[in-house]
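The residues making up each chain are set out below.
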Amino acid sequence: MFEMFQNYNEPAQQQQGAGSSNQTFVLSISGSSIVPDRINTALIGKICNSINNLYSEGYKFALSVGGGRTCRDYASAVKALGSNRFLQDLIGIEITRANAMLVINALDRAFPVVLSDLLRAREIIDAGKIPVYGGIIPGYTTDAVAAVLAEHLNATFINITNVDGIYNLDPRISRSAKLIPKMSHEKLLAVIMRSAGESAEPSQHVVLDIPCALLLKRSKIRTFVLNAEDTANLEAAVRGQEFKGTVVESTEENEVPEEL
Ligand code: UTP
């Protein structure tokens, strides 16, 4: 089913992180990691503690925060009450903003209000604060919000989620699923489209969505996907040390000469 991923040369499992301080990172904190069933306050605290550490070392951040289980509960409740997808998305956006408020409260240097104006991110970073966003536009996701922010800020995009990276198969279903350590933007888009064609439901082996992947691809934004639970691994990625996860980057090495 995923033959196109059987041939890649398997690089070392450890990836090289981003590097010098003073760099900007857009961190997309997936709702499925911080609100898997109920709100995981310990994990929110742990992630924010890592961001606080990294910020004090000179790294700059903008954040987007997802909705998780609460979002899905509210979306199905409004659906049951007769709402259309637009209204389901609007309530989803409200939940992402509530989660963003939790993150703001756990950060030392957050701008104190959840933002929706992307153009304010630069001035807030330059003023020594961390801008935090939830959802913005119905029909999109907080990963897409993070991608457009990364484009605006010329930043590295990091998605922290509930799996270790992007897989060739769904790791929840297939025991032979392998983490893809490195891939090009073209390949990311191909694997997302392939998985979208298989099922109407989002899949956990491709944690990013098509609008997000298109934005990452059009500006060749360097992207890391890694597990939110392992905050030491997140810190390593930002500091330019070896880390476990998927790096999406359009380098010659990642361009696999096969049809997509
Ligand atoms: P996300 O899908 O971004 O949250 O937003 P999530 O829980 O982090 O997703 P995972 O963990 O990556 O799977 C939740 C919902 O909020 C609405 C959509 O309905 C989306 O499914 N939303 C979010 C928007 O409509 N627009 C946005 O810009 C963001």
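Engineer: Even after reading the chapter, I still don't get the pairing of strand β5 (residues 156-161), so can you show me in this structure?
Structural biologist: Here is the key point about a regular strand: its side chains alternate between the two faces of the sheet. Here β5 lies mainly inside the structure; six of its six residues are buried. Burial along β5 is two-sided: the residues Thr156, Ile158 and Ile160 and Phe157, Asn159 and Thr161 are all buried. When strand β2 (residues 24-29) meets β5, the two strands line up parallel, connected through five bridges. Looking across to β5, one finds that Ile29 is bridged to Ile160. By the bridge criterion, five bridges tie β5 to strand β7 (residues 223-227) in an arrangement that is parallel. Paired with Asn159 across the bridge in β7 is Val225.

Engineer: Could you clarify how one ought to interpret helix α4 (residues 85-106) in this entry?
Structural biologist: Residue pairs three or four apart in sequence face the same way in an α-helix, which turns once every 3.6 residues. Over its 22 residues, α4 runs 32 Å from end to end, which matches the ideal 32 Å to within 8%, given 1.5 Å per residue. When we look at burial in α4, the residues that qualify are Gln88, Gly92, Ile93, Ile95, Thr96, Asn99, Ala100, Val103 and Ile104. Two or three places before Phe86, at the opening of α4, Asn84 has a side-chain oxygen 3.2 Å from that residue's backbone nitrogen.

Engineer: What should I look at first to understand the pairing of strand β3 (residues 60-65) in this one?
Structural biologist: In terms of residue burial, β3 counts as a mostly covered element, since five of its six residues are buried. Sheet analysis places β2 next to β3, joined by six bridges and oriented parallel. In the strand pairing of β3, Thr24 is matched with Lys60. Sheet topology places β3 next to strand β4 (residues 132-133); two bridges connect them, and they run parallel.

Engineer: Looking at this model, I keep getting lost on the site of the ligand. Mind explaining?
Structural biologist: Around the ligand sit 21 residues in total, of which Ser32, Gly68, Asp89, Ile137 and Thr142 are the nearest. Between the ligand and the protein, one listed contact pairs an oxygen atom with a backbone N or O atom of Gly68 at 2.5 Å. The contact in question runs from a nitrogen atom of the ligand to an N or O atom on the backbone of Tyr140, over 3.1 Å. Computed on the free molecule, the ligand has an accessible area of 590 Å², of which 82% lies beneath the protein chains in the complex. Counting residues per element, the ones that place at least two in the shell around the ligand are α1 (31-34), α3 (68-80), α4 and α6 (142-153). Take the shell around the ligand: its biggest share by element is four residues, from α4.

Engineer: What am I meant to see in the packing of helix α2 (residues 41-56) against α4 here?
Structural biologist: If you want to describe how two helices pack, look at the angle between their axes and the distance between the axes. Interaxial distance between α2 and α4 falls to 9 Å at its minimum, and their mutual angle equals 50 degrees. Comparing the axis directions of α2 and α4 gives the class oblique. Every pair of crossing elements has a handedness; the one defined by α2 and α4 is right-handed. For the pair α2 and α4, the contacting residues are Ile44, Cys48 and Asn52 in the first and Leu102, Val103 and Ala106 in the second. The residue makeup of the contact of α2 with α4, split by class, is five nonpolar, one polar and no charged.

What counts, and where the lines are drawn
- By convention here, each chain's residues receive numbers from 1 onward along its written sequence.
- Reporting in this predicted model follows two pLDDT cut-offs: at least 70 for local features of residues, and 80 or more for side-chain atom pairs to be given and counted; totals over whole chains, interfaces and linings ignore these cut-offs and use all residues.
- No hydrogens and no water enter the side-chain calculation; it runs on all heavy atoms of the structure.
- Only protein chains enter the area calculation, which uses a 1.4 Å probe; residues under 20% of their type maximum are buried, those over 50% are exposed, and those in between are partly exposed.
- Only DSSP runs of H or I reaching four residues or more are called helices, and only runs of E reaching two or more are called strands; each is numbered from the N terminus.
- Note on pairing: DSSP must find at least two bridges between two strands before they are called paired.
- Expected helix span is computed as 1.5 Å times (number of residues minus one).
- Polar contact is the term for a pair of N or O atoms within 3.5 Å; when the atoms are in protein, one must be able to donate a hydrogen and the other to accept it, and sequence-neighboring residues count only if both atoms are side-chain atoms.
- Proximity is defined per residue: any heavy atom of the residue falling within 4 Å of a molecule or strand makes that residue near it.
- Calculation of accessible area relied on Shrake-Rupley with a 1.4 Å probe; when residues are assessed, cover is drawn exclusively from the protein chains displayed.
- Angles shown run from 0 to 180 degrees and are taken between the N-to-C directions of axes, each axis being a line fitted to C-alpha atoms and, for helices, limited to the stretch in contact.
- Here is the rule for angles: anything less than 35 degrees is roughly parallel, anything more than 145 is roughly antiparallel, 65 through 115 is roughly perpendicular, and the remaining ranges are oblique.
- By convention the crossing between two helices is left-handed if the near helix lies anticlockwise of the far one by an angle smaller than a right angle, and right-handed if it lies clockwise.
- Throughout, a contact is declared for two residues whenever any of their heavy atoms are within 4.5 Å.
- Polar here means any residue other than Ala, Val, Leu, Ile, Met, Phe, Trp, Tyr, Cys and Pro, which are nonpolar, and Asp, Glu, Lys and Arg, which are charged; Gly is therefore polar.

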